[in-house]
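Single-letter residue listing:
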Protein chains: 4
Amino acid sequence: MKGGTKAHTGGRSAGEFSWPVRVYYEDTDLGGVVYYANYLRFMERARTEWLRAAGVDQTRLLAEHGLLFVIVGCELAYLRPARFDDLLDVSVVPTAKGRSRFTVEQEVRRGAEVLVTGRVSAACIDAASFRPRGMPASVRELLERRVDVD
Amino acid sequence: MKGGTKAHTGGRSAGEFSWPVRVYYEDTDLGGVVYYANYLRFMERARTEWLRAAGVDQTRLLAEHGLLFVIVGCELAYLRPARFDDLLDVSVVPTAKGRSRFTVEQEVRRGAEVLVTGRVSAACIDAASFRPRGMPASVRELLERRVDVD
Amino acid sequence: MKGGTKAHTGGRSAGEFSWPVRVYYEDTDLGGVVYYANYLRFMERARTEWLRAAGVDQTRLLAEHGLLFVIVGCELAYLRPARFDDLLDVSVVPTAKGRSRFTVEQEVRRGAEVLVTGRVSAACIDAASFRPRGMPASVRELLERRVDVD
Amino acid sequence: MKGGTKAHTGGRSAGEFSWPVRVYYEDTDLGGVVYYANYLRFMERARTEWLRAAGVDQTRLLAEHGLLFVIVGCELAYLRPARFDDLLDVSVVPTAKGRSRFTVEQEVRRGAEVLVTGRVSAACIDAASFRPRGMPASVRELLERRVDVD
């Protein structure tokens, strides 16, 4: 397997998923640090890889079932700035789930330092009508497994 | 004056500031709607113009006083998706202030429809040390004026 | 009319279309200037407004005819940096056209200074198959009119 | 070593550097494919990692020598679209150099398919004055070595 695609489970707790994100020029702003909206991109990369690691194939969910995950809410606290060249870790810990929605807590860390914390809620919808749909079994299982662990 | 730079005070309440944002290709994702992190960019454009309309010159604050505003927290609720070509309005209503921090509530609307609501908190910091600094008088006045109005 | 939506024809030549773009925090990088890829976003906003001003409705072209414009090539020269708070003008001058393709030349200016020049080629395609399709009459007319002028 | 940071030298030629890039939601637009400006971000990630792999530390160059690399020109040809979830490879092959400038050729590939080709020219400047400066020895050596190989 090529670089850039290996998940790892380092970090705080045994069952926790996290994903590395390198900070590039594109991520910074004139303050010399990462632009605040870009942490939402980093967090989504980690969620995408968390789903992929659990065998959830979003491309197939859309193509074969017309299902899409959309973000319905988020809440972020910016504690310390990340800088160009930093190698960050972004964690994903599911904390709540319903029939068509789930919530994860995420942290962006640089080594042991927590830079940003977030809570993000997603809903499973029909890609055409944008109406809520029950989550596929693969995602429900992932959420149960992880929620059990923590 | 050229297009794209005129503030307007349409919208719900008399004293409210809002700023128009057109949705372009760059703002959308494969779901066919605006990518969720991009509303934070739209909200910042409105805050920047709100400060500008009140005579706060962020370029001078940085160059002459070494002051920078950074976002310390945000909370968004995504109610309905915005689409390519939509002309949105983004409002700014200050709701709290301290010595070095303030909070605004913001809405992204398409006509009468509210698409996204947000609460964003910013802090005034020293650009070199990233330590909190008291807000300049021009910003304190803006916050008092607006908070009084609402 | 609300701010942010008024086209204007200031700039070099009488028939030239240009569109104002304000530089926000989101557009800058740690060098303190506009991140180089973002000029492509600015240029696309100008092309979108140029099409809109000529009555070309891209949303309808996609919904009713399944047509999409995609960029097939671009070439940019970065002469001087744009900075936070700058109010730029982005011009659009069509210079070549075929059955399914056209090319425009674009400049990003700050007042009389040319900051970035570009040449961008677009193709009209079928949104489902991504195959080339003949351009709609409204676009062909726009290209003829403009190419005549210059 | 954590994921996401391993360089690899797969691809066409022995001495060629390339870097993997995964396509996320943030990279796509409503056409369902990668937004055209984002390939410039992908190409920069590869150039950054190419410099890092050769021991060039851009953070130190800026902090200790006040040197910055800026893009002075680019030229891209979009041959085929990349899609969500694609794992791409982005190559970097230096092709020309002067005292303060160099040019690289880059390809974005999905397996054996070339999706986008580009030529990007960068200049070494003084971060404060934006004037050209001679490139540091570490970069000159990298360019000589690579140019020799190809």
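Residues numbered from 1 in each chain as written. Chains lettered and ligands numbered in written order. Predicted model: local features only at pLDDT ≥ 70, side-chain atom pairs only at ≥ 80, totals over all residues. Heavy atoms only, no water.

**Considerations on the overall build of chain A**
Right, on to step 1. Helix and strand content of chain A: three helices and five strands.
Right, on to step 2. Each of the 150 residues in chain A was classed as buried or not, and the buried ones make up 57%.
Right, on to step 3. Surface accessibility of chain A: about 6,000 Å² in total, with carbon and sulfur atoms responsible for 49%. (Helix = DSSP H or I, 4+ residues; strand = E, 2+ residues; numbered from the N terminus. Buried < 20%, exposed > 50% of the residue type's maximum accessible area, 1.4 Å probe, protein only. Areas by Shrake-Rupley, 256 points an atom, 1.4 Å probe, with all protein chains shown as cover.)

**Examining the pairing of strand 1 (residues 17-22) of chain D**
Within a regular beta strand, the side chains point alternately toward one face of the sheet and then the other, so they alternate between its two faces.
Right, on to step 1. Counting buried residues in strand 1 of chain D gives six out of six residues, a clear majority hidden from the surface.
Right, on to step 2. Neither face of strand 1 of chain D is exposed, since Phe-17, Trp-19 and Val-21 of chain D on one face and Ser-18, Pro-20 and Arg-22 of chain D on the opposite face are all buried.

**Comments concerning the relation of the copies chain C and chain A**
Look at the two chain copies: a rotation about an axis and a shift along it is all it takes to match them.
Right, on to step 1. The two copies are related by a screw operation: chain C maps onto chain A through 180° of rotation and 0.0 Å of translation along the axis, at an RMSD of 0.0 Å. Taken together, these values place the two copies in the relation of a two-fold axis. When C-alpha positions in chain C are compared against the rotation axis, the closest is assigned to Asp-29 of chain C, at 1.9 Å.
Right, on to step 2. Most of the interface of chain C is mirrored in chain A, where 100% of its interface residues are also at the interface. (Least-squares fit on C-alpha atoms with pLDDT ≥ 70 in both. Contact = heavy atoms within 4.5 Å.)

**Description of the pairing of strand 2 (residues 67-78) of chain A**
Residues and elements named next belong to chain A.
Right, on to step 1. Most of strand 2 sits inside the fold, with nine of its twelve residues counted as buried.
Right, on to step 2. The sheet contact formed by strand 2 and strand 5 (residues 113-126) spans eleven bridges and is antiparallel. Paired with Leu-67 across the two strands is Asp-126, which belongs to strand 5. (Pairing = 2+ DSSP bridges.)

**A short note on helix 2 (residues 58-65) of chain B**
Right, on to step 1. You can read the cap of helix 2 of chain B off the contacts: a side-chain oxygen lies 3.0 Å from the backbone nitrogen of Thr-59 of chain B, and it is on Asp-57 of chain B.
Right, on to step 2. At the C-terminal side of helix 2 of chain B, Gly-66 of chain B shows a positive phi close to 65°. (Polar contact = N/O pair within 3.5 Å; in protein donor to acceptor, adjacent residues only side chain to side chain.)

**As for the confidence of the model for chain A**
If pLDDT is low for a region, its predicted coordinates should not be looked at in detail.
All names here are of chain A.
Right, on to step 1. Averaged over all residues, the pLDDT of chain A equals 88, while 87% of them reach at least 70.
Right, on to step 2. The model gives residues 1-11 a pLDDT under 50, and that stretch makes 31 contacts with residues more than four places away or in other chains.
Right, on to step 3. At the level of chain-chain contacts, confidence expressed as ipTM amounts to 0.88, with global pTM at 0.90. (pLDDT = per-residue confidence, 0-100.)

**Here's the deal with helix 1 (residues 38-53) of chain B**
All names here are of chain B.
Right, on to step 1. In this model helix 1 runs 23 Å from its N-terminal to its C-terminal C-alpha over 16 residues, within 8% of the 22 Å that 1.5 Å per residue would give.
Right, on to step 2. Burial analysis of helix 1 places 14 of its 16 residues in the buried class, the great majority of the element.
Right, on to step 3. Directly after helix 1, the chain includes Gly-55, whose backbone phi takes a positive value near 85°. (Expected span 1.5 Å × (residues − 1).)

**Overview of the sheet that holds strand 4 (residues 101-110) of chain C**
Right, on to step 1. Read from one edge to the other, the open sheet built from ten strands follows the order 1(C)-3(C)-4(C)-5(C)-2(C)-2(D)-5(D)-4(D)-3(D)-1(D), with strand pairing classed as antiparallel. Both edges of this open sheet fall to strand 1 (17-22) of chain C together with strand 1 of chain D, since each of them pairs with a single strand only. In this sheet, adjacent strand axes meet at a mean angle of 30° when their direction is disregarded.
Right, on to step 2. Sheet topology places strand 3 (residues 87-97) of chain C next to strand 4 of chain C; six bridges connect them, and they run antiparallel. Its bridge partner lying in strand 4 of chain C, Asp-89 of chain C is registered against Arg-109 of chain C. (Axes fitted to C-alpha atoms, helices over the stretch in contact; angles between N-to-C directions.)

**With respect to the sheet that holds strand 5 of chain A**
Right, on to step 1. If you trace the ten strands from one edge of the open sheet to the other, you get 1(A)-3(A)-4(A)-5(A)-2(A)-2(B)-5(B)-4(B)-3(B)-1(B), paired in antiparallel fashion. One side of each edge strand has no neighbouring strand; the edge strands of this open sheet are strand 1 (17-22) of chain A together with strand 1 (17-22) of chain B. Within the sheet, the average angular offset between the axes of one strand and its neighbour, ignoring direction, is 30°.

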